[in-house]
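Observations on chain architecture
Single-letter residue listing:
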Amino acid sequence: MQPSNIIEISVQPGVQPQIDTALGLRAAGRLDEALRALANSNEYNPYLYTIRGEIEFALGYFHDAALSYFAVVHSEPDNADAHYNLGLCLQRSDRWDASCQAFERALSLDPGRDAARLGLGASLLYLNRLDQALATFHRCSEAAQGPAAFGKAVALQLLHRFGEAEIAYEALLASDPDSTEALSNLIALNVETNDLDRVRDYSQRLLKISAQSPVALQGLATVALKREDHHAAARYCDRIVQLMPDCLEGWHNLRVSLERILTAFSAPKPVAVGAELASEVK
Amino acid sequence: MLKLLLAMSGAFSPLTTRENSAAEGPGQAVEQARDFHFAVTWVTLFAHLDPIEAAGPRRRVETPAPTLALVPVVAAPLTEHRAEQRARAAWEMVVPKMIRSGDGNFTPAVGEPKLL
């Protein structure tokens, strides 16, 4: 018989079996099960929380992943990877300001980390801290030249330094002619500067790469509307509303174009035709 | 053209309010087109931002013991007492023991700092 003054202590096996199970499940693509395997751990282990953060990130649970990485950086403040990953999670949770702090911390620990610099620049753009964003992209190394150049172009465009921005985008397009986002931003830039020829050229270029690009169609519709080419405007607006039925400007401009076409033909007014159709349906 | 005419009935349906409609009579103003919204985006940047996966448990970095002793800071005395205290003051200086490396930099020596 066991004496009464002896206390039974259950020996915990530690977190390693949990981690091994989770890694196996993750390798098999069973992410939900892998995450469940890491739940209810009996002790805090930074590696377990790191794996958990990675799986949560992969599953798109960015807020949960941020909490996991926050626990890691709390216990390992010199862990640059964890600070960087935390920054990514905060970015995807729309916590732009907090993400800047995480990226800055990662950079203070590892100044050569270009990815953290790109992340910081992207967040600064969202926060409209444009001069800081531009300076951040300038500090990127040659290895990150492509994305850094894109960040610079965006910062310049948002700073209304349109000439420099266009040169930067053109340099990007020289190395990557299929960059749809660079072309989209160039369309936006030239709409703002009212350079209709360039809006048309970039829109046509974008349409060749992406035949369903709403931005390209809107660019061409804008040019057609401003040049009073009502048939072309109606054609482009027709395609826009088919692609984006929620685009109110598309519907409005389609109606305006059709009205102008009908006015030019001295035909019945489209509103009246619409009313007739409506009464027939009734 | 047929496609356009078919689209016409759809074109009117979302805009049932006709506050801006100007095609009612010859004397009324022509309705203006509306500007499309062109957003500046930088999604491309995020394509370069992937999380870093841990290769394994991280080894804890052992931080060396500080070579400077922490000394409690005493509040500064009032001005009238300072002259008197200065006369009786006994000073000591704690100098951290450092080793000069080949490139002219200093690195802390292992062990306790010595009082000079």
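Everything numeric in this text was worked out from a predicted model, so none of it was measured.

When helices and strands are tallied, chain A shows 16 helices and zero strands. Taking all 282 residues of chain A together, 46% fall into the buried category. Sequence-distant contacts, at least 24 apart, represent 35% of the contacts inside chain A between residues at least 6 apart.

Time to look at the overall build of chain B. Looking only at helices and strands, chain B has three helices and four strands in total. Among the 116 residues that make up chain B, the fraction classed as buried is 9%. Looking at chain B alone, contacts between residues at least 24 apart form 24% of all its contacts between residues at least 6 apart.

All names here are of chain A. For helix 13 (residues 214-226), with 13 residues, the first-to-last C-alpha span of 18 Å sits near the 18 Å given by 1.5 Å per residue. Most of helix 13 sits inside the fold, with eleven of its 13 residues counted as buried. If you check which residues of helix 13 are buried, you get V215, A216, L217, Q218, G219, L220, A221, T222, V223, A224 and L225. Packed against the buried residues of helix 13 are helix 11 (180-192), helix 12 (196-209), helix 14 (230-243) and helix 15 (248-264). Immediately beyond the C-terminal end of helix 13, within one or two residues, lies E228, with a positive phi of roughly 60°.

Turning our attention to the packing of helix 5 (residues 80-92) of chain A against helix 6 (residues 96-109) of chain A. All names here are of chain A. Between helix 5 and helix 6, whose axes approach to 8 Å, the crossing angle comes to 160°. Relative to helix 6, the element helix 5 lies roughly antiparallel. The two elements helix 5 and helix 6 cross, and the hand of that crossing is left-handed. In this structure, helix 5 contributes A80, H83, Y84, L86, G87, L90 and Q91 to the contact, and helix 6 contributes W96, A98, S99, A102, F103, R105, A106 and L109. When the residues that make up the contact of helix 5 with helix 6 are grouped by side-chain class, the tally is ten nonpolar, four polar and one charged.

Right, let's get into the environment of G24 of chain A. Here G24 of chain A is to be found in helix 1 (residues 16-27). Taking the C-alpha atoms as reference points, G24 of chain A and L183 of chain A, separated by 159 residues in sequence, lie 43 Å from one another.

Here we take up the environment of S41 of chain A. All names here are of chain A. Tracing the sequence through the fold places S41 in the loop between helix 2 (31-37) and helix 3 (46-59). On the basis of neighbour count, S41 is assigned to the partly exposed category, with 16 C-beta atoms found within 10 Å. Sequence separation between S41 and A211 is 170 residues, and the spatial gap between their C-alpha atoms is 51 Å. When near neighbours in sequence (up to four residues on either side) are disregarded, S41 contacts V15, Q18 and L48.

This part covers the packing of helix 10 (residues 162-175) of chain A against helix 11 of chain A. All names here are of chain A. Contact geometry of helix 10 with helix 11 gives a least axis separation of 10 Å together with a crossing angle of 155°. As the angle between them shows, helix 10 and helix 11 are arranged roughly antiparallel. By crossing handedness, the relation of helix 10 to helix 11 is classed as left-handed. Two secondary-structure elements touch here, helix 10 through F162, A165, E166, Y169, L172 and L173 and helix 11 through A182, N185, L186 and L189. Grouping the amino acids of the contact of helix 10 with helix 11 by side-chain chemistry returns eight nonpolar, one polar and one charged.

The next thing to look at is the confidence of the model for chain B. Reading fine detail from the predicted coordinates is not recommended where pLDDT is low. Residue and element names in this part refer to chain B. Residue-level pLDDT values for chain B average 64, and 37% of them are 70 or greater. Mean pLDDT across the elements of chain B bottoms out in helix 1 (residues 2-12) (42) and peaks in helix 2 (residues 43-46) (93). Confidence drops under a pLDDT of 50 for residues 1-27, and excluding neighbours within four residues, the segment shows 36 contacts in the predicted structure. Both confidence scores are given for the complex: pTM 0.71, ipTM 0.83.

The next point concerns the nonpolar core. Grouped together as the largest cluster of nonpolar side chains are 83 residues, with contacts concentrated most on I187 and A221 of chain A. In terms of residues, this core owes the most to one element, helix 13 of chain A, which gives eight residues. Residues in contact with I187 of chain A, not counting those within four places in the same chain, are V199, Y202, S203, L206, V215 and G219 of chain A together with F38 of chain B.

Attention now moves to unusual backbone geometry. Residues and elements named next belong to chain A. In this structure, D94 takes a positive phi of about 60° despite not being glycine. Looking at the element boundaries, D94 is found in the loop between helix 5 and helix 6. The backbone of H160 shows a phi angle near 65°, a positive value even though the residue is not glycine. Relative to the helices and strands, H160 resides in the loop between helix 9 (145-158) and helix 10. When the 11 C-beta atoms within 10 Å are taken as the criterion, H160 is described as exposed.

This part is about the confidence of the model for chain A. Considering every residue of chain A, the mean pLDDT works out to 90; 89% of them sit at 70 or more. The model gives residues 274-282 of chain A a pLDDT under 50, and that stretch makes four contacts with residues more than four places away or in other chains.

Rules used in this analysis
- Residues numbered from 1 in each chain as written.
- Chains lettered and ligands numbered in written order.
- Predicted model: local features only at pLDDT ≥ 70, side-chain atom pairs only at ≥ 80, totals over all residues.
- Helix = DSSP H or I, 4+ residues; strand = E, 2+ residues; numbered from the N terminus.
- Buried ≥ 20, exposed ≤ 12 C-beta atoms within 10 Å, placed from the backbone.
- Contact = placed C-beta atoms within 7 Å.
- Expected span 1.5 Å × (residues − 1).
- Axes fitted to C-alpha atoms, helices over the stretch in contact; angles between N-to-C directions.
- Parallel < 35°, antiparallel > 145°, perpendicular 65-115°, else oblique.
- Left-handed = near helix turned anticlockwise from the far one by under 90°.
- Nonpolar A, V, L, I, M, F, W, Y, C, P; charged D, E, K, R; others polar.
- pLDDT = per-residue confidence, 0-100.
- Core = buried A, V, L, I, M, F, W, Y, C linked by C-beta atoms within 7 Å.

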